[in-house]
Amino acid sequence: MTSIYNDADYLSAYQQKQRIFYVFIGITLAYLAFAVSMVIYQTTLPYADKGQALPRVLVYVVSAIYAVIIFPYMAIKFSRCHRYYKMLTYVCEGLKMEELNYFYAFRKKSLQKDNIDVIGCVFETWSRKKQEWLEREAYFDVEKPLPEFESGDLVEYITQSNFIIQYRIVEKQALEFEEEDYETEENEEENEEEIEEAEEGEQV
C-alpha cells in the first residue's frame, strides 16, 4: 500500500510547532522585560518626576501591539500547526479502519476536518441490507499530492479518524457509474440553496 504520511512528516510538524512556540516565548519575554524596565525606570525617578506619563504610555502602546500580534499568531498559526501535529499523532497511534470500495469522484469544496483543509474522496459501496449503492466519503489532506484515482477504480484504503492514510488501487475502472444521477443530485442541492436564499431575501 501507498502510505500518505511518514516519520519525516511527523518530525517536521513537531519541529514547526516547537519553532512557533519558541517565537511566542521570545516575544513574550521581550515584552515582559520592557514592561519591567519601565516600572523600574518609573520607580527610580526623583519624586518630582514620578508623575511622568511617558513610561505608562509606552507600556500601553507596547501592550496593545503585543496583543495584536500574539493573539492571531497563537490562535491561527500555532493552533493549526498543533492540530496538524495532533492528527499525525493519531495516525501513528489511533485506531484504523480498512475498507474496499469503488471510487467515484473528488469533492473539491471548502471542507475542513478538525480545522485541517481536506478534499473529499467519494466512494460508492454496495449495501446488501438495503440493496442499493451508498455514498462513503473519506478525507484526503490537501497538502499531499492527490492519488491517481479514476471513477470506477476499486480501491483498498485505510482511514484513521476518516483521514485516508494508506491506499492501494486493486483494479482500474472496475465499475462504471451513471454520471447523470450524481449531476442531478448536485443540481437539486444547488436549486434548494437558491430557493432558500430567495426566501430569506423576501423575508428581509
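Note: the structure precedes this text.
Residues numbered from 1 in each chain as written. Predicted model: local features only at pLDDT ≥ 70, side-chain atom pairs only at ≥ 80, totals over all residues. Heavy atoms only, no water.

Colleague: Just give me the short version of the pattern of salt bridges, but keep the residues and values in it.
Modeller: This structure, assessed with the given rule, holds 7 salt bridges. Across the pair R136 and E99 runs a salt bridge, and its minimum N-O distance is 2.6 Å. One end of the pair, R136, is in strand 4 (residues 132-141); the other, E99, is in strand 2 (residues 97-113), and 37 residues separate them in sequence. According to the relative accessible area criterion, R136 is buried, its value standing at 16%. Three or more residues are tied together by salt bridges with common partners; here these are R107, E135 and E137. (Salt bridge = Lys/Arg side-chain N within 4 Å of Asp/Glu carboxyl O. Helix = DSSP H or I, 4+ residues; strand = E, 2+ residues; numbered from the N terminus. Buried < 20%, exposed > 50% of the residue type's maximum accessible area, 1.4 Å probe, protein only.)

Colleague: Summarise the packing of aromatic side chains; cite the residues concerned and give the values.
Modeller: A complete count under the given rule lists 15 aromatic pairs for this structure. Ring geometry for F106 versus F149: centroids 6.3 Å apart, planes at 5°, classification stacked. Of this pair, F106 sits in strand 2 while F149 sits in the loop between strand 4 and strand 5 (154-160), and the two are 43 residues apart along the sequence. One aromatic cluster is present, built from ring pairs that chain together F103, F106, F123, F149, Y157 and Y167. In this structure, K17 is placed above the aromatic ring of Y85, and the distance from its NZ or CZ to the ring centre is 5.0 Å. (Phe/Tyr/Trp six-rings, centres within 6.5 Å; stacked < 30°, edge-to-face > 60°. Lys NZ or Arg CZ within 6 Å of the ring centre and 35° of its normal.)

Colleague: Describe in detail the packing of helix 1 (residues 7-43) against helix 2 (residues 54-93), supporting the description with residues and values.
Modeller: In contact at an axis separation of 9 Å, helix 1 and helix 2 are set at 165° when each is read in the N-to-C sense. The orientation of helix 1 relative to helix 2 falls into the category roughly antiparallel. Along this stretch, helix 1 crosses helix 2, giving a crossing that reads as left-handed. Split into classes, the residues belonging to the contact of helix 1 with helix 2 amount to 26 nonpolar, 6 polar and 4 charged. (Axes fitted to C-alpha atoms, helices over the stretch in contact; angles between N-to-C directions. Parallel < 35°, antiparallel > 145°, perpendicular 65-115°, else oblique. Left-handed = near helix turned anticlockwise from the far one by under 90°. Nonpolar A, V, L, I, M, F, W, Y, C, P; charged D, E, K, R; others polar.)

Colleague: Please give an account of the nonpolar core that cites residues and values.
Modeller: Formed by 24 residues in total, the largest nonpolar core has its most connected members in Y5, M87, F123 and I164. Breaking this core down by element, the ones donating at least two residues are helix 2, strand 3 (116-127), strand 4, strand 5 and strand 6 (163-171). With 5 residues, the top contributor of residues to this core is helix 2. Those residues in contact with F123 that lie beyond four places of it in its chain are N101, Y102, F103, Y104, L134, E135, R136, A138, F149, V155, Y157 and I164. Counting residues in hydrophobic clusters, the runner-up holds 9 residues, among them Y31, I70, Y73 and F78. (Core = buried A, V, L, I, M, F, W, Y, C linked by side-chain atoms within 4.5 Å. Contact = heavy atoms within 4.5 Å.)

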